[in-house]
Amino acid sequence: MAVLRDLREWIALLEREGELVRVPAEVDPDLEITEIVDRTVKAGGPALLFERPKGSKHRLLINQFGTERRMCLAFGVEHLDDVARMVSDVLEMQPPQGLMDKVRGLQKLKSIADSLPQTVRSGPVQEIVLEGGDVDLGLLPVQRCWPGDPAPFITLPAVITRDPRSGGRNVGMYRMQVIDGRTTFMHWQIHKDGRADWLATEGRIPVAVALGLDPVTAYSASAPLPKHIDELMLAGFLRGAPVELVKGVTVDLEVPAHAEVVLEGYIDKDELGEEGPFGDHTGYYTPAEPFPVFHVTAMTMRRDAVYPSIVVGKPPQEDAWLGKATERIFLPAIRATVPEIVDYDLPVSGAFHNCCIVSIRKAFPGHARKVMHAIWGLGMLSLTKCVVVVDAHVDVHDYAQVLFYAGANVDPARDVVLAEGPLDHLDHAPERQFVGGKLGIDATAKWPEEGARPWPEEIEMSPEVRALVDRRWAEYGIELVPPAGNGPIGETPRSLRQLLRR
Ligand SMILES: Cc1cc2nc3c(=O)[nH]c(=O)nc-3n(C[C@H](O)[C@H](O)[C@H](O)COP(=O)(O)O)c2cc1C
Ligand SMILES: [Mn+2]
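All of these numbers come straight from a predicted model, not from anything done at the bench.

Caption draft 1: Seen up close, the sheet that holds strand β22 (residues 416-422). Strands sit in the order β19-β20-β21-β23-β22 across an open sheet of five strands; the sheet is mixed. Two strands bound the open sheet, and with one partner strand each, they are β19 (341-345) and β22. Between one strand axis and the next, the sheet turns through 25° on average, direction left out of account. Here β19 pairs with strand β20 (residues 355-360) via four bridges, running antiparallel. Bridging across to β20, Asp 343 finds its partner in Ser 359.

Have a look at this one:
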């Protein structure tokens, strides 16, 4: 498949694939779009291009990521695990053995070298340039999502900063409450890289915000990479073509040449205001808190720019699939440090940080506890509130199976770990913000050294009888219909896949 260069090629692909509906009716970005999208996402429905958002000349694209099929289309793969395979190919590189191995190794290295963003002289994102007093965020159909939200906020931005010490670029997705036509808040939370760049900068940090990107680059802004890795490099690697950048008009930053809209500006070290409260992916309104103010010095656009949006709220929402992509894409990196991990699942209804189910090849007593602590020490997974560990043969994506072992194999007096550590910025449950309890459940089969009586054998039918019944099935005259899935998003991804296949 050809590399998607920009949002427009993506929209065209969605349309060809029957994955996009154009909505000609005038629709209000104030609440009405949220309700339409909420129903569409929950029904596993199409991406929506609102052609007449009330009060704006710009079309609004939403639900572009809302199903597993669209997520796979975005990455040009059959299954999200195919993306993970590309990553593990590079991570698991061994010193080459023979000549063929060397050639293959060089190809892999070349694919990394080709991932680096490329600076070009000009790009369509600067077809229209509004500077200073001409900047007007009111031109964009920015959504107000939930009834308790005090203002609209930009929901799907790729926020670009540089670390003043290393010069390394960062791209993150942080909501931006609109204050007026030329200012917004910047909601980078305490654990995030953009915030670290801001805190490390004396005085004023230049910031650029890209809106409306090819889907892989947009996804990459949400990827929890280690701080020193440029998200645009990941995007280039996953797309198989570098992200093209042009120099900003008013900031010393480079911006995606094929974005629909770019907001350039700056954030001062000590200018804060009360941001929020906003309905967020926790399913609750997160309380107002001080966050910095972003001043827009230039707004550049393509002609007829399409404004991209998303709604976060009580799961499942569209961002479920951004999270699932991250879950799959980061598995090889997790296994590179904790190789006994077979697979893991972050349930959508756990809002990603509340629960992690992980299967391991258990090799020594206390192994499940070792893995819990590894998870609590690993990047953004460290914010995980509850970790459930199961044995290698358990399908972590089948929640009924997981619940079975979490019940059958667990003595709560022996197999539950209560620990403490950092928690998600927006978690309202702990007594104090940012820190609190962690729950680990060891649902593996226990060993004598772990204080277990002889562990009983699990019931399994013998292979001979299975084969016999396979052979004779037609004779019995019994017709079985595969069970339907539980719902369109995430709850049991396996049954979702079954649904998609039918
Ligand atoms: C739709 C969406 C909205 C998000 N909003 C925020 C936000 O407002 N603040 C924040 O800190 N993270 C938010 N995130 C999560 C970050 O984008 C994510 O943690 C990313 O890794 C941040 O980049 P960084 O690791 O370079 O800081 C959001 C993610 C998505 C998918
Ligand atoms: Mn980052």
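On we go.
Caption draft 2: The arrangement of the site of ligand 1 in detail. Taken together, 20 residues surround ligand 1, and among them Met 173, Tyr 174, Arg 175, His 187 and Asp 193 come closest. In this structure, an oxygen atom belonging to ligand 1 sits 2.7 Å away from a main-chain N or O atom of Met 173. Within the backbone of His 187, one N or O atom sits 2.7 Å away from a nitrogen atom of ligand 1. Burial of ligand 1 by the surrounding chains reaches 89%, relative to a free accessible area of 630 Å². Listing elements by their share of the shell around ligand 1, those giving two or more residues are β8 (169-172) and α6 (193-200). For the shell around ligand 1, the element with the highest residue contribution is β8, accounting for three residues. Each residue belonging to the shell around ligand 1 can be placed in one class, and the counts come to 10 nonpolar, six polar and four charged.

Caption draft 3: Looking closely at the coordination of the manganese ion (ligand 2). Within the protein, Asn 170 (OD1), Asp 193 (OD) and Glu 231 (OE) serve as the donor atoms for the manganese ion (ligand 2), at 2.1 to 2.2 Å. On the primary sequence, the residues serving as donors to the manganese ion (ligand 2) are separated as N-x22-D-x37-E. Residue Asn 170 is located in strand β8, and its partner Asp 193 is located in helix α6; the two are separated by 23 residues in the primary sequence. Assessed through its relative accessible area of 16%, Asp 193 is described here as buried.

Caption draft 4: Broad picture of the packing of aromatic side chains. Counted by the stated rule, this structure contains six aromatic pairs. Ring centres of Phe 404 and Tyr 405 lie 4.8 Å apart, and the angle between their planes is 80°; this geometry places the pair in the edge-to-face category. Its relative accessible area of 8% is what places Tyr 405 among the buried residues. Both rings, one in Trp 473 and one in Tyr 476, keep their centres 5.7 Å apart while their planes meet at 80°; by these two values the pair is edge-to-face. Taken together, the residues span about one helical turn, with Trp 473 and Tyr 476 both in helix α13 (residues 463-476) at a distance of three residues. In this structure Tyr 476 comes out as partly exposed when scored by relative accessible area, which is 32%. An aromatic cluster is present here, built from Tyr 174, Trp 188 and Trp 198 joined pairwise through their rings. The positively charged end of Arg 204 is found above the aromatic ring belonging to Tyr 266, 3.7 Å away from the centroid.

Caption draft 5: Spatial organisation of the nonpolar core. Membership of the largest hydrophobic core comes to 66 residues, with the highest contact counts inside it found for Met 71, Phe 75, Tyr 219, Leu 238, Ile 329, Ile 341 and Tyr 344. Sorting elements by how many residues they give to this core places helix α9 (residues 319-337) first, with eight residues. Not counting residues up to four positions away in its chain, the partners in contact with Met 71 are Phe 65, Leu 80, Tyr 219, Trp 321, Leu 322 and Ala 325. The next biggest cluster of nonpolar side chains, apart from the first, holds 40 residues, and it includes Val 27, Val 135, Val 159 and Val 178.

Conventions used here
Residues numbered from 1 in each chain as written. Chains lettered and ligands numbered in written order. Predicted model: local features only at pLDDT ≥ 70, side-chain atom pairs only at ≥ 80, totals over all residues. Heavy atoms only, no water. Pairing = 2+ DSSP bridges. Helix = DSSP H or I, 4+ residues; strand = E, 2+ residues; numbered from the N terminus. Axes fitted to C-alpha atoms, helices over the stretch in contact; angles between N-to-C directions. Near = heavy atom within 4 Å. Polar contact = N/O pair within 3.5 Å; in protein donor to acceptor, adjacent residues only side chain to side chain. Areas by Shrake-Rupley, 256 points an atom, 1.4 Å probe, with all protein chains shown as cover. Nonpolar A, V, L, I, M, F, W, Y, C, P; charged D, E, K, R; others polar. Donors = N, O, S within 2.8 Å, 3.2 Å for Na, K, Ca; no water. Buried < 20%, exposed > 50% of the residue type's maximum accessible area, 1.4 Å probe, protein only. Phe/Tyr/Trp six-rings, centres within 6.5 Å; stacked < 30°, edge-to-face > 60°. Lys NZ or Arg CZ within 6 Å of the ring centre and 35° of its normal. Core = buried A, V, L, I, M, F, W, Y, C linked by side-chain atoms within 4.5 Å. Contact = heavy atoms within 4.5 Å.

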